[in-house]
Amino acid sequence: MPSQERKDAGETGGVSAGQVQFLTVAEVAAMMRVSKMTVYRLVHSGELPAVRVGKSFRVPEQEVHDYLRGAYFDVG
């Protein structure tokens, strides 16, 4: 029977909760070079997954990279 740790890792795509790096809204805004309000809009619309901690949001760093990777488009 698989251990609980292996089961949890499989459910989260191979990354355990202890390995996830969370960023604040301000850190995400700085990384993306947008305003904090833009990040809040992305979070509230569901385009950027986040975890609510008290009154604040924390965004998994990998989700920011995934969002940016998917935001590219060809022009011309």
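Residues numbered from 1 in each chain as written. Predicted model: local features only at pLDDT ≥ 70, side-chain atom pairs only at ≥ 80, totals over all residues. Heavy atoms only, no water.

Caption draft 1: Region of the structure containing the pattern of salt bridges. Inspection of the entire model under this criterion finds 1 salt bridge. Put simply, Arg-69 and Asp-66 hold a salt bridge, and the shortest N to O gap is 2.9 Å. Of this pair, Arg-69 and Asp-66 both sit in helix H4 (residues 61-71), 3 residues apart, which is roughly one turn of the helix. Exposure remark for Asp-66: the relative accessible area of 32% places this residue in the partly exposed category. (Salt bridge = Lys/Arg side-chain N within 4 Å of Asp/Glu carboxyl O. Helix = DSSP H or I, 4+ residues; strand = E, 2+ residues; numbered from the N terminus. Buried < 20%, exposed > 50% of the residue type's maximum accessible area, 1.4 Å probe, protein only.)

Caption draft 2: The sheet that holds strand E2 (residues 51-53), seen in detail. Pairing within the open sheet is antiparallel, and its 3 strands lie in the order E1-E3-E2. Two strands bound the open sheet, and with one partner strand each, they are strand E1 (22-24) and E2. Put simply, the sheet's adjacent strands are angled 40° from each other on average, direction ignored. Where E2 lies against strand E3 (residues 56-60), 3 bridges are found, and the strand directions are antiparallel. Each residue of the ladder has a partner; that of Val-53, found in E3, is Ser-56. Set on the sheet, helix H2 (residues 25-32) makes contact with E1 and E3; between it and E1 the angle comes to about 90°. (Pairing = 2+ DSSP bridges. Axes fitted to C-alpha atoms, helices over the stretch in contact; angles between N-to-C directions. Contact = heavy atoms within 4.5 Å.)

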